[in-house]
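# Summary of the model geometry
What follows is the residue order along each chain.
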Amino acid sequence: MTVTKPFLRALAGETVTPPPFWLMRQAGRYLPEYRATRAQAGSFLDLCYNPELAVEVTLQPLRRYGFDAAILFSDILVVPDGLGQQVAFKEGEGPVLAPIRSARDLDGLDISGLHDRMAPVYATVNGLSKAIPATTALIGFSGAPWTVATYMVEGGGSKDFANTKRLMWSEPETFARLMDLLVEATGQYLIRQIDNGAEAIQIFDTWAGALPETEFRKWVIEPARKLVERIHAERPGIPVIGFPRGAGILYEAYVTETKVNGVSLDTSVPLDWAAKVLQPKCTVQGNLDPILVVAGGEALDAGIDRILKALGKGPFIFNLGHGIIPPTPPENVARLAERVKAFKG
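Residues numbered from 1 in each chain as written. Predicted model: local features only at pLDDT ≥ 70, side-chain atom pairs only at ≥ 80, totals over all residues. Heavy atoms only, no water.

## Let's talk about the packing of helix α12 (residues 250-258) against helix α13 (residues 271-278)
Under the convention used in this document: To get an axis, a line is fitted to the C-alpha atoms, and for a helix only the part in contact is used. The angle between two axes follows their N-to-C directions and goes from 0 to 180 degrees. For helices the rule is a DSSP run of H or I covering at least 4 residues; for strands it is a run of E covering at least 2, with both sets numbered from the N terminus onward. These descriptions rest on fixed angle ranges, namely under 35 degrees for roughly parallel, over 145 for roughly antiparallel, 65 to 115 for roughly perpendicular, and the rest for oblique. Crossing handedness is defined as follows: a turn of the near helix away from the far one that is anticlockwise and smaller than a right angle gives a left-handed crossing, while the clockwise case is right-handed. Note on contacts: a residue pair qualifies if any of its non-hydrogen atoms lie within 4.5 Å across the two residues.
Packing of α12 against α13 brings their axes to within 11 Å, and their N-to-C directions diverge by 30°. The angle between α12 and α13 falls in the class roughly parallel. Taken as a pair, α12 and α13 cross one another with a handedness that is right-handed. Taking contact as the criterion, the partners of Y251, E252 and V255 in α12 are, on α13, W273, V277 and L278.

Take a look at the structure:
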């Protein structure tokens, strides 16, 4: 049955017209129904760990826009939470974690309780697999080890990742231990999502572009390669999309060396280059600027058309170059959906 799903056909290398589409962060604060459900839940983490409400917010954008894929509603920082790190989300501040700055801090983390803590997430995946439309694919996801490590070491978001890079270069053994732990925990977490009904996986490496080439290969490409290899070996047939945001020309090495089935492009990736260099190697996904969906009007139409024209002749999934943002008018998302669905190649 799954081979009839346009999203999975595109990830298998088919050119599908019109292309399947979904949007990163398609469930979120731009929707009034999401804000109402979020208020019911209490904290953001409570929403992530409440299967009934997490299923509901995942379904909300499908009802409005008919996306070809649903992505599990959760957060990349549930993995550090499951490892025993203190994680909280503060209004107006974002994620706040008890920082890992030394080998002693790292000693306090433990993988043994991960699946107990993640049980509600697995229940959400299972519930979604039964609730989504028959032609809609279900995406499971995680953060990539490098990006998750930055939050764990910095204690939250960062502009320069100074603490993470300092640990990486001054205590390489400690940093390697942290990354090994994250590769193992993430691999187990993704396999469990697949076992509960996820039909594809996306790995978000939001801060991949913060690393110079040597470290990019070691801490972005190599962990992703291990995760893709594990999924393909243990759960054959499940496609993996990588998103090394900000990778620039290293996108090519990432695709070639990790063996991802699809790659999500950030807004800076030139379309002609992606069509010529990346699309022959794997399915490409992206890469409309989220601010264009806020702006709307003719600028939005032109941006959509430019991407469809450049990438619509090969294996392609329409998406944004990063997540949809809270000020986005829902009617502009509807305009996007109508335009992509009307594309005839």
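And the narrative resumes.
## A short note on the nonpolar core
Spelled out, the test is: What is meant by a nonpolar core is a set of buried Ala, Val, Leu, Ile, Met, Phe, Trp, Tyr and Cys residues, joined one to another through side-chain atoms within 4.5 Å. We call a residue buried when its accessible area falls under 20% of the maximum for its residue type, exposed when it is over 50%, and partly exposed in between, using a 1.4 Å probe and counting protein chains only.
Residues F7, L288, F318 and L336 are the most contacted members of the largest nonpolar core, which totals 128 residues. Here this core gets 11 residues from one element, more than from any other, and that element is helix α10 (residues 172-195). Not counting residues within four places of it along the chain, the set of residues in contact with F7 comprises P20, W22, D68, A69, A137, I139, A200, I241, Q285 and I317.

## So, the sheet that holds strand β7 (residues 262-264)
Worth spelling out the cut-off: Between any two strands, pairing holds if DSSP finds at least two bridges.
Strand order in the open sheet formed by seven strands is β1-β4-β5-β6-β7-β8-β9, and the pairing between neighbours is parallel. A strand with exactly one partner marks an edge of an open sheet, and here the two such strands are β1 (69-71) and β9 (316-320). Across the sheet, the mean angle separating the axes of adjacent strands is 25° when strand polarity is ignored.

## Focus: the packing of aromatic side chains
To keep it simple, the criterion reads: Paired rings are identified among Phe, Tyr and Trp, the last through its six-membered ring, by centres lying within 6.5 Å, and are further divided according to the angle between planes into stacked (under 30 degrees), edge-to-face (over 60) and tilted (the rest).
Inspection of the entire model under this criterion finds 12 aromatic pairs. Geometrically, the ring pair formed by W146 and F175 is edge-to-face, given 6.2 Å between the ring centres and 65° between the ring planes. Of this pair, W146 sits in helix α8 (residues 145-154) while F175 is found in helix α10, placing the two residues 29 residues apart along the sequence. Side by side, W146 and F175 carry an identical accessibility label, which is buried. Residues F204 and F243 carry aromatic rings whose centres are separated by 6.3 Å and whose planes lie at 80° to one another, so their mutual orientation is edge-to-face. Taken together, the positions of F204 in strand β5 (residues 200-205) and F243 in strand β6 (residues 240-244) put the pair 39 residues apart, joining distant regions of the chain. By the burial criterion, F204 is buried, and F243 matches it. Ring-pair connections join several aromatic residues into one group, and the members of that group are Y34, F44, F73 and F89.

## Points about helix α11 (residues 213-234)
Here is the rule: One less than the residue count of a helix, multiplied by 1.5 Å, gives the span that helix is expected to have. In this analysis the local bend is the angle between axes fitted, respectively, to the seven residues ending at and the seven residues starting at the residue.
With 22 residues, α11 ought to run about 32 Å at 1.5 Å a step, and its terminal C-alpha atoms sit 30 Å apart, in line with that. The principal kink in α11, of about 30°, is found at I221, preceding the proline P223 by one to four residues. Three or more residues of α11 are buried, namely E215, F216, W219, V220, I221, P223, A224, L227, V228 and I231. The inward-facing, buried residues of α11 abut α8, α9 (162-170), α10, β5, β6 and α12.

## Quick look at the pattern of salt bridges
The condition that has to hold: What makes a salt bridge here is a side-chain nitrogen of Lys or Arg within 4 Å of a carboxyl oxygen of Asp or Glu, nothing more.
Applying the stated rule across the entire model yields 18 salt bridges. A salt bridge links R63 to E56; the nearest nitrogen and oxygen atoms lie 2.9 Å apart. Its relative accessible area of 55% is what places R63 among the exposed residues. Three or more residues joined by partner-sharing salt bridges are found here, namely D301, D305, R335 and R339.

## Remarks on the side chain of T147
Keep this limit in mind: For the purposes of these results, a polar contact is taken to be a pair of N or O atoms within 3.5 Å, where, inside protein, one atom must be able to donate a hydrogen and its partner to accept one; residues adjacent in sequence count only when each atom of the pair is a side-chain atom.
Looking at the secondary structure, you find T147 in helix α8. Here W207 takes part through its backbone nitrogen, which lies 3.0 Å from a polar atom of the side chain of T147. In contact with T147, other than residues within four places in its own chain, are I76, F204, D205, T206, W207 and A208.

## Some thoughts on the pairing of β5
With six of six residues buried, β5 is to be regarded as a mostly interior element. Bridge count for strand β4 (residues 137-143) against β5 is five bridges, and the pairing is parallel. From the neighbouring strand, S142 faces β5, where its bridge partner is I203. As judged from the five bridges shared by β5 and β6, these two strands associate in the parallel manner. Within the sheet, the bridge partner assigned to D205 lies in β6 and is P244.

## So, helix α4 (residues 51-65)
Look at α4: 22 Å from first C-alpha to last across 15 residues, which is about the 21 Å you get at 1.5 Å a residue. Of the positions making up α4, those classed as buried are L53, A54, V55, V57, T58, L59, Q60, P61, L62 and Y65. Just beyond α4, the residue with positive phi is G66, at close to 65°.

## A few points about the environment of P244
The topology assignment puts P244 in strand β6. With residues up to four places along the chain from it excluded, the contact list for P244 reads D205, A208, F216, V220, Y251, Y254, V263, S264 and D266.

Everything listed here is a matter of coordinates, which is why it stays silent on function.
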